[in-house]
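Inside the fold
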Amino acid sequence: MVTTANLSGPVQAGVIARVIAACAARPVVTLVLAALAAALGAWSVARTPLDAIPDLSDVQVIVTSEWPGRSPGQVEDQLTYPISSALLSVPKARAVRGQSFFGASFVYVIFEEGTDLYWARSRVLERLLGISAGLPQNVRPVLGPDATGVGWVYSYALVDRSGALGLAELRSLQDFRLRTALGSVPGVAEIASIGGVVQQLEVQLDPVRLRAFGVSAEQVVAAVRAGNADASGGSLEVAGHEIFVRTRGYAHTARDFADIAIRADAEGRSVRVGDVAQVAWTPAPRRGIAELDGEGEVVGGIVVMRSGENARAVIARVKARLAALRASLPPSVEIVSTYDRSELIEGAVGTLRRTLLEEMAIVSLVILVFLWHARSALVPIVTIPVGVALAFVPLLQQGITANILSLGGIAVAIGAMVDAAIIGVENVHRRLAAWERAGSAGARSEVIVRALQEVGPSLFFALLVITVSFL
């Protein structure tokens, strides 16, 4: 052991030896600093975000645009290409990629590493405000959720095994009750609905009736738009009170839309939408389904976490909100969890906790059996937890989540810490035994300090190599 320590060099050995001697000479200061370090580590452990998957995705902002009924080629020429061209000059933008689909356009702006996500979103939004006037009428580009590629943390399905509610009713529950309630949970960026049937009010024009009444399709469209709105009539003062006058024009049912007047015929009678078209609730065209365990179609929801949030805390809040919403759902509807990342997170944390306890127990037992000294067995029990807690300090400061990779690295590093503790304790006992055989000349504390100074440099640089490799 002495030879190994000397190989580290006189300058390094001298520095480490002086540090060990200074700590031994000031035990109160050393214990206070160690307690403060342990407290800082515990504080960092409590505040470090927990996740199962390391977020290695790029900083990107997604711009989505909908133009219903248009072909991918038309969407590419009039939406994707103009938006992509305008966003190429956004500051710190590294790449711009666009995709065109039937009736929809997606543009991905990828920024340089280290760019703040919300700064990037504000720059993209500023540029979109300048190009919106040049896009087709009624097309409004919007920013995607402030999430990353690993933001999908939880998903669920609405199941009605009794058959009392159909896919349309379940989708309405998801869109108008669960989605709005879960969207307000802190840390949630978006609730995406999948599966089911989306109800829409469809006006099916009859060409024969249109010609018979002398009405064009454009007139029907204009009448439906104008007839589904309230109108203000100002206010009247009656007996010192102000009364507001308005017309209630919002249509709520298919019959309301059918009764909207288009124009008057030659005899002064109103031509209604129902006279020239058939108005009915119909399912919107579907491009996919959601199926659960081979038992049939269901309606589901996907919870997307906001960037930088604590995944385990967000999932816990989502579960609590779902539990509170169960009472407001029909008795036959149940919420089935289909994906829960917190299970993987708890497994990773549990593995580290189990490894930590096993290492402390085994090392303490080995020291106790071979050295037969209880106080020496306390060394790894104290140093290993403190060292693990201190590892979370740089994680928290750099915004790195405690995930499978980082926790696995800590578990591997525990082995090196255990080796250092065993070597240090064993060398102290060896030097004490030699000191007792020589007649116990000098102070016992000096022998312990010299023993630690012999192996301290080698242990320090061995741990330093491991630390540098992790960095």
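Please refer to the structure placed before this passage.
Residues numbered from 1 in each chain as written. Predicted model: local features only at pLDDT ≥ 70, side-chain atom pairs only at ≥ 80, totals over all residues. Heavy atoms only, no water.

Another aspect to go through is the sheet that holds strand 6 (residues 188-195). The strand order across the open sheet built from four strands is 6-13-5-14, with neighbouring strands paired in antiparallel fashion. Edge positions in the open sheet fall to strand 6 and strand 14 (333-340), since each of these has one partner strand only. Each adjacent strand pair in this sheet contributes to an overall mean axis angle of 20°, direction not counted. Across the sheet, helix 11 (residues 311-325) touches strand 5 (152-160), strand 6, strand 13 (299-305) and strand 14, and the angle it forms with strand 5 is around 20°. (Pairing = 2+ DSSP bridges. Helix = DSSP H or I, 4+ residues; strand = E, 2+ residues; numbered from the N terminus. Axes fitted to C-alpha atoms, helices over the stretch in contact; angles between N-to-C directions. Contact = heavy atoms within 4.5 Å.)

For N138, which is not glycine, the phi dihedral falls at a positive 65°. One can find N138 in the loop between helix 5 (117-131) and strand 4 (142-143). A relative accessible area of 59% means that N138 is categorised as exposed. In this model, D293 sits at a positive phi of 55°, which is unusual for a non-glycine residue. Looking at the element boundaries, D293 is found in the loop between strand 12 (277-283) and strand 13. (Buried < 20%, exposed > 50% of the residue type's maximum accessible area, 1.4 Å probe, protein only.)

Taken together, the four strands give an open sheet; going across it, the order is 2-3-1-4, and neighbouring strands pair in antiparallel fashion. Every other strand in the sheet has two partners, leaving strand 2 (93-101) and strand 4 as the edge strands with one partner each. Looking at chain direction, strand 2 and strand 3 (residues 104-111) are connected through eight bridges and run antiparallel. For F101, the partnering residue across the bridge sits in strand 3 and is A104. Along the sheet, helix 4 (residues 72-87) makes contact with strand 1 (60-66), strand 2 and strand 3, crossing strand 2 at roughly 165°. Those strands touched by helix 5 are strand 1, strand 3 and strand 4, and its axis lies near 35° from that of strand 1.

With that settled, the discussion passes to helix 8 (residues 217-227). Among all positions in helix 8, only V220, A223 and V224 are buried. All buried residues of helix 8 lie within an arc of 100° about the axis, which places them on one face of the element. Those residues of helix 8 that are exposed and aimed more than 90 degrees away from the buried face are E218, R225 and A226. As for helix 8, its buried residues are in contact with strand 7 (199-205), helix 7 (207-213), helix 9 (254-258), strand 10 (261-264) and helix 10 (273-276). (Arc of directions from axis to C-beta.)

Read these as layout, nothing more, since geometry by itself doesn't imply function.
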